[in-house]
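# A structural walkthrough
Next come the chains, spelled out residue by residue.
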Amino acid sequence: MSNTCDIDPALIEKLEAFRFAKRSQGNGALICKIDKNKLLIVEDEDEDNLSIEDLAELLPENTPRYIVLSYELKHDDGRQSYPLVFLYYSPKGVKPELNMLYASAKTYFQNKVGLGKVFDLQDAEGLTDDWLRAKLLK
């Protein structure tokens, strides 16, 4: 199978460390972007202990991003878990060629990273704790 983009080897190492990091509180996010010149998926930002609202503020208004999120999920019975979630952020108004580039590499990135919980997001303002909790507890 042909890939539109490759993944930066340094990002793969970072994703492995991120996946197995022990968290005791807060959310962690690894935000990734595509380097259009190299056709390479690279790290954009690595954030720890941030709120979902803070994460939404970090997202650009007109450029897609891949977000690997370790989400602090508080269950109704008092338990806490930290599921890994893959968010594909593709805001409205993105140039069609950029949107196609990200869309074509999404499944490859998702499979390479090995994340099953995948949610698409078109509006950063829609990224809230309530939205994410509802998606995860379905």
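Residues numbered from 1 in each chain as written. Predicted model: local features only at pLDDT ≥ 70, side-chain atom pairs only at ≥ 80, totals over all residues. Heavy atoms only, no water.

### Some thoughts on the overall build of the protein chain
Assigned secondary structure in the protein chain consists of 4 helices and 8 strands. When the helices and strands of the protein chain are read in sequence order from the N terminus, they spell out β-α-β-β-α-β-β-β-β-α-β-α. Its C-alpha atoms give the protein chain a radius of gyration of 15 Å, within 12% of the compact-globule value 14 Å for 138 residues. Expressed along its principal axes, the backbone C-alpha trace of the protein chain runs to roughly 45 × 30 × 25 Å. Out of the 138 residues in the protein chain, the part that is buried amounts to 43%. Of the contacts made within the protein chain by residues no fewer than 6 positions apart, 64% connect residues no fewer than 24 positions apart. Summing over all exposed atoms, the protein chain offers an accessible surface of approximately 7,900 Å²; the carbon and sulfur share of this is 45%. One finds the centroid of the 18 positive side-chain charges in the protein chain at a distance of 5 Å from the centroid of its 24 negative side-chain charges. (Helix = DSSP H or I, 4+ residues; strand = E, 2+ residues; numbered from the N terminus. Rg over C-alpha atoms; globule rule 2.2 N^0.38 Å. Buried < 20%, exposed > 50% of the residue type's maximum accessible area, 1.4 Å probe, protein only. Contact = heavy atoms within 4.5 Å. Areas by Shrake-Rupley, 256 points an atom, 1.4 Å probe, with all protein chains shown as cover. Lys, Arg positive; Asp, Glu negative; His and termini not counted. Charge placed at Lys NZ, Arg CZ, Asp CG, Glu CD.)

### Re empty space enclosed by the protein
Counted under the stated rule, the structure contains 1 cavity of 30 Å³ or more. Taken as a whole, the largest cavity encloses approximately 30 Å³ of empty space. In terms of lining residues, the largest cavity is bounded by Leu15, Phe18, Arg19, Val68, Leu84, Val113 and Leu115. The class makeup of the residues in the lining of the largest cavity is 6 nonpolar, no polar and 1 charged. (1 Å grid on protein atoms, 1.4 Å probe; cavity = no way out; pocket = protein on both sides within 12 Å on 5 of 7 lines; lining within 4 Å. Points joined across faces, edges and corners; volume = space filled by probe spheres on them. Nonpolar A, V, L, I, M, F, W, Y, C, P; charged D, E, K, R; others polar.)

### Some details on the environment of Ile31
In this structure, Ile31 sits in strand S2 (residues 27–35). Taking the relative accessible area as the measure of exposure, Ile31 reaches 1% and is therefore buried. Along the chain, Ile31 and Met100 lie 69 residues apart, while their C-alpha atoms are 19 Å from each other. Among all residues touching Ile31, those that are not within four sequence positions of it are Val42, Glu43, Asp44, Glu45, Leu55, Leu58, Arg65, Tyr66 and Ile67.

### Focus on the pattern of salt bridges
The final tally for this structure, using the stated rule, is 7 salt bridges. The shortest N-O distance in the salt bridge between Asp77 and Arg79 comes to 2.9 Å. Looking at Asp77, the relative accessible area reads 55%, which means it is exposed. One salt-bridge network, in which partners are shared between bridges, spans Lys14, Glu43 and Asp46. (Salt bridge = Lys/Arg side-chain N within 4 Å of Asp/Glu carboxyl O.)

### Structural notes on the layout of surface pockets
One number sums up the size of the largest pocket: a volume of about 230 Å³. Taken together, Glu53, Ala56, Glu57, Leu59, Glu61, Tyr89, Pro91, Gln122, Asp123, Ala124, Glu125 and Leu127 make up the full set of residues lining the largest pocket. Broken down by element, the lining of the largest pocket gets its largest block of residues, 3 residues, from helix H2 (residues 52–58). Residues of the lining of the largest pocket, tallied by class, amount to 6 nonpolar, 1 polar and 5 charged.

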